[in-house]
Amino acid sequence: MSAPLLTQIVLACLLGGLLSVAAAALVMFGLPRKWLGFTVSFSTGLLLATATLHLLPEALESGLAPREVFPLLLGGILAFFILEKYALWRHAHASGESDMHQGGQQCDDHTHSHHHLHGAAGSQGETLSILVGDGFHNFTDGLLIAAAFLADPALGWGTTLAIIAHEVPQEAGDFAILLAAGWKRGRALLWNGVSSLTAVAGGIIGYFALDNARDWIPYILTITAASFLYIAIADLMPRLKRETQSVGWHGLLLAAGIAVVVFGSGGHSH
């Protein structure tokens, strides 16, 4: 039983990393930019529903009392805010502000945190920090995926889907920064793909660490819910508030993200 589960975790981590990079590349290199906004809407619904309808109920059913779960959830949200505030943890978010990239290129539609490049001198260190930060973030995603699979394989795949969806805006933002630094498209795609493979390492380490410490799984599921809620509320929903076009489509896709979680849970019920 354990070998197939580990195989599922590795496959989910591979799909989570590579599909998010591929989807972001399509947005950056071909598809109209409006599709990125639609991805944000769908991701918001997925994250909110996965956190509140699957992860938190699973943590409660796994033995944690509400007086344990909700203080941990609050602490997790505050911790992600502090980590992102001091650039120790980063994620995509949108800004309505208009900024100038290298060469005077104006960017009105930001989908990434404000790690802008100012001159060639700082570009190398900036791009390195982007890749290292992205690799660490993907490694953490792998740990979370492993914990979800150990709780329930259906929950694991649902969590993987939510991670794939919310990684697309971040990966697109990373591409934009690397291209602004003068990287070729192929090189940017390659190194984003390499950094995404750290999720596999996180998944494997998480599997072996948590398989012998299953009492920790409900706590990690709660932290995962905290990260999903923080990303949705602090990063994605402010972007949706600024959308003035295709409002109906954004609302429909947000509802679709919730519906996927509600009706696509299969045998995973509470």
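These remarks concern the structure in this document. (Residues numbered from 1 in each chain as written. Predicted model: local features only at pLDDT ≥ 70, side-chain atom pairs only at ≥ 80, totals over all residues. Heavy atoms only, no water.)

Here we take up the overall build of the protein. Within the protein, the regular secondary structure consists of nine helices and two strands. Secondary structure elements of the protein occur, N-terminal to C-terminal, as α-α-α-β-β-α-α-α-α-α-α. When the 270 residues of the protein are sorted by exposure, 47% land in the buried category. Intrachain contacts of the protein at a sequence separation of at least 6 include 79% that bridge at least 24 residues. If you sum the accessible surface of the protein, you get close to 12400 Å²; carbon and sulfur atoms cover 68% of it. (Helix = DSSP H or I, 4+ residues; strand = E, 2+ residues; numbered from the N terminus. Buried < 20%, exposed > 50% of the residue type's maximum accessible area, 1.4 Å probe, protein only. Contact = heavy atoms within 4.5 Å. Areas by Shrake-Rupley, 256 points an atom, 1.4 Å probe, with all protein chains shown as cover.)

With that settled, consider the side chain of T222. Within the element layout of this structure, T222 appears in helix α8 (residues 217-241). In this structure T222 touches L56, A59, L64, V69, L72 and L73, once residues within four positions along its chain are discounted.

In this structure, I9, L47, L221 and F228 are the most contacted members of the largest nonpolar core, which totals 38 residues. Of all the secondary structure elements, the ones that give two or more residues to this core are α1 (2-29), α2 (34-61), α3 (66-85), α4 (123-151), α5 (153-180), α7 (198-211) and α8. For this core, the leading source of residues is α8, giving eleven residues. Setting aside residues no more than four positions away along its own chain, L47 makes contact with A162, H166, F228, I231, A232 and L236. (Core = buried A, V, L, I, M, F, W, Y, C linked by side-chain atoms within 4.5 Å.)

The interhelical angle for the contact between α3 and α8, taken along N-to-C directions, is 50°, at an axis separation of 8 Å. One way to sum up the angle between α3 and α8 is to call them oblique. The two elements α3 and α8 meet at a crossing, and its hand is right-handed. Within the contact between the two elements, α3 uses E68, V69, L72, L73, G76, I77, F80, F81 and E84 and α8 uses Y219, T222, I223, A225, A226, S227, L229, Y230 and D235. (Axes fitted to C-alpha atoms, helices over the stretch in contact; angles between N-to-C directions. Parallel < 35°, antiparallel > 145°, perpendicular 65-115°, else oblique. Left-handed = near helix turned anticlockwise from the far one by under 90°.)

One pass over the structure, following the stated rule, counts three aromatic pairs. Taking 5.3 Å as the distance between ring centres and 80° as the angle between the ring planes, the aromatic pair formed by F149 and W157 counts as edge-to-face. Take W157: its relative accessible area is 32%, and that puts it in the partly exposed class. Each ring, one from Y207 and one from F208, has its centre 5.0 Å from the other, and the planes form 80°; the classification is edge-to-face. In this structure, R187 packs its charged tip against the face of W183, placed 3.8 Å from the ring centre. (Phe/Tyr/Trp six-rings, centres within 6.5 Å; stacked < 30°, edge-to-face > 60°. Lys NZ or Arg CZ within 6 Å of the ring centre and 35° of its normal.)

This part is about α5. Since one α-helical turn is 3.6 residues long, residues separated by three or four positions face the same way. With 28 residues, α5 extends 40 Å between its outermost C-alpha atoms, agreeing within 8% with the 40 Å of an ideal straight helix rising 1.5 Å per residue. Of all bends in α5, the biggest is about 35°, found at V168, and the proline P169 comes one to four residues later. Burial within α5 is extensive, with 21 of its 28 residues counted as buried. Where α5 begins, the capping side chain belongs to D152, and its oxygen is found 2.8 Å from the backbone nitrogen of A154. (Expected span 1.5 Å × (residues − 1). Bend = angle between axes of the 7 residues up to and from the residue. Polar contact = N/O pair within 3.5 Å; in protein donor to acceptor, adjacent residues only side chain to side chain.)

Two elements in contact, α5 and α8, have axes whose closest approach is 12 Å; the angle formed by their N-to-C orientations is 30°. Taken as axis vectors, α5 and α8 run roughly parallel relative to one another. Between α5 and α8 lies a crossing of left-handed hand. Contacts between α5 and α8 pair L155, T159, A162, I163 and H166 from the former with L221, T224, F228 and I231 from the latter.

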